[in-house]
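# Residue-level structure breakdown
What follows is the residue order along each chain.
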Amino acid sequence: MKKLILALALLAPLTAFAAGGGAIHPNDPANIDTGNEAALQRGANYFVSYCLNCHSMQYERWQRMEEFGVPEDLLKSNLMHAGAKKGDLLKVAMAPGDAANWFGAPPPDLTLEARLRGSDWIYNYMRAFYVDESRPFSVNNTVFDNVGMPHVLWEQQGMQKAVYTEEDDGHGGTHKVFAGFEKVSEGSMTDVEYDAMIRDLVTFMTYMAEPTKAKSHRTGIMVLLFLALLLVFSYMLKKEYWKDVH
């Protein structure tokens, strides 16, 4: 038992880090609501406009968006690619070889990214790009160091630089501590508007990663209520049978 407790104690910090719970900056909660149809519709529009040029969502189909109120005519006219059918998968036209040449590696598929990374991780990642002239696209990211992705939303957010301060490390030396971001150039959106945009985008990605999650939760609650009611009747039946024995 002691060995088991020790193993769990050692595993806990590793699990937290793998789930995106490490020391990342910024580290704010996304506070998304996958039941908000307006946010899902805006997020779908953002994803198609800014993400689907490079990143596929190849395990989901266009018609999935009808579940949160996107009518078929609007889906075809505003979101779907020319010539696409609503039963088609959300794929990109870019060849993997071209992507590898341009970016160093093919951009990952984003169908399950919210399940893999977590909604909070994606929300903070999309807000954490900063100017770094040493990188191929002149940007880096405080959540994902040495990122290979350009800051595709720089026109909306603007450009910023990461600010660090020197603090005593307690051993006679100093270490850098992240102190926040400082604007280098303004974007078309304020910080509040940009954060809201990213929240909508993450809401959409989270829904598409687990579209049946809310329904599964409702079904689970109904099953538990049924089992609780069945337990009451089973207990009453048990008492009825055993009273003759005693």
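Owing to the predicted nature of the structure, the values given are computational and were not obtained by experimental measurement.

Another point: unusual backbone geometry. Backbone geometry places Asn-31, a non-glycine residue, at a positive phi of 55°. By the secondary structure assignment, Asn-31 is in the loop between helix H1 (2-21) and helix H2 (37-51). On the basis of relative accessibility, which here comes to 61%, the residue Asn-31 falls in the exposed class. Positioned with a positive phi, Asn-146 is a non-glycine residue whose angle comes to about 60°. With respect to the helices, strands and loops of the structure, Asn-146 is situated in the loop between strand E4 (139-141) and helix H7 (154-157).

It is worth spelling out the confidence of the model for the protein at this point. The predicted model of the protein has a mean per-residue pLDDT of 86, with 89% of residues at 70 or higher. The weakest mean pLDDT in the protein belongs to H1 at 39; the strongest belongs to H7 at 98. Here residues 1-22 scores under 50 on pLDDT; set against residues more than four positions off or in separate chains, the count is six contacts.

Along the polypeptide, Arg-199 turns up in helix H8 (residues 191-209). Its relative accessible area of 26% is what places Arg-199 among the partly exposed residues. Along the sequence, Arg-199 and Asp-120 sit 79 residues apart, while their C-alpha atoms lie 9.4 Å from each other. Residues within four places of Arg-199 in sequence aside, it is in contact with Ala-30, Asn-31, Ile-32 and Tyr-123.

What the rule picks out here adds up to nine aromatic pairs. Their ring planes at 75° and their centres at 6.3 Å tell us that Trp-121 and Phe-144 sit as a pair that is edge-to-face. You can see Trp-121 sitting in helix H6 (residues 119-125) and its partner Phe-144 sitting in the loop between E4 and H7, a full 23 residues away along the chain. Judged by centre distance (6.5 Å) and plane angle (65°), the rings of Tyr-125 and Phe-144 are edge-to-face. Of this pair, Tyr-125 sits in helix H6 while Phe-144 sits in the loop between E4 and H7, placing them 19 residues apart in sequence. A connected cluster of aromatic rings, assembled from ring pairs, spans Phe-47, Phe-68, Phe-204 and Tyr-207. Above the face of the Trp-121 ring, Arg-117 is positioned so that its terminal group lies 4.4 Å from the ring centre. The ring of Tyr-164 has Lys-176 lying over it, and the distance from NZ or CZ to the ring centre is 6.0 Å.

How each quantity is defined
Residues numbered from 1 in each chain as written. Predicted model: local features only at pLDDT ≥ 70, side-chain atom pairs only at ≥ 80, totals over all residues. Heavy atoms only, no water. Helix = DSSP H or I, 4+ residues; strand = E, 2+ residues; numbered from the N terminus. Buried < 20%, exposed > 50% of the residue type's maximum accessible area, 1.4 Å probe, protein only. pLDDT = per-residue confidence, 0-100. Contact = heavy atoms within 4.5 Å. Phe/Tyr/Trp six-rings, centres within 6.5 Å; stacked < 30°, edge-to-face > 60°. Lys NZ or Arg CZ within 6 Å of the ring centre and 35° of its normal.

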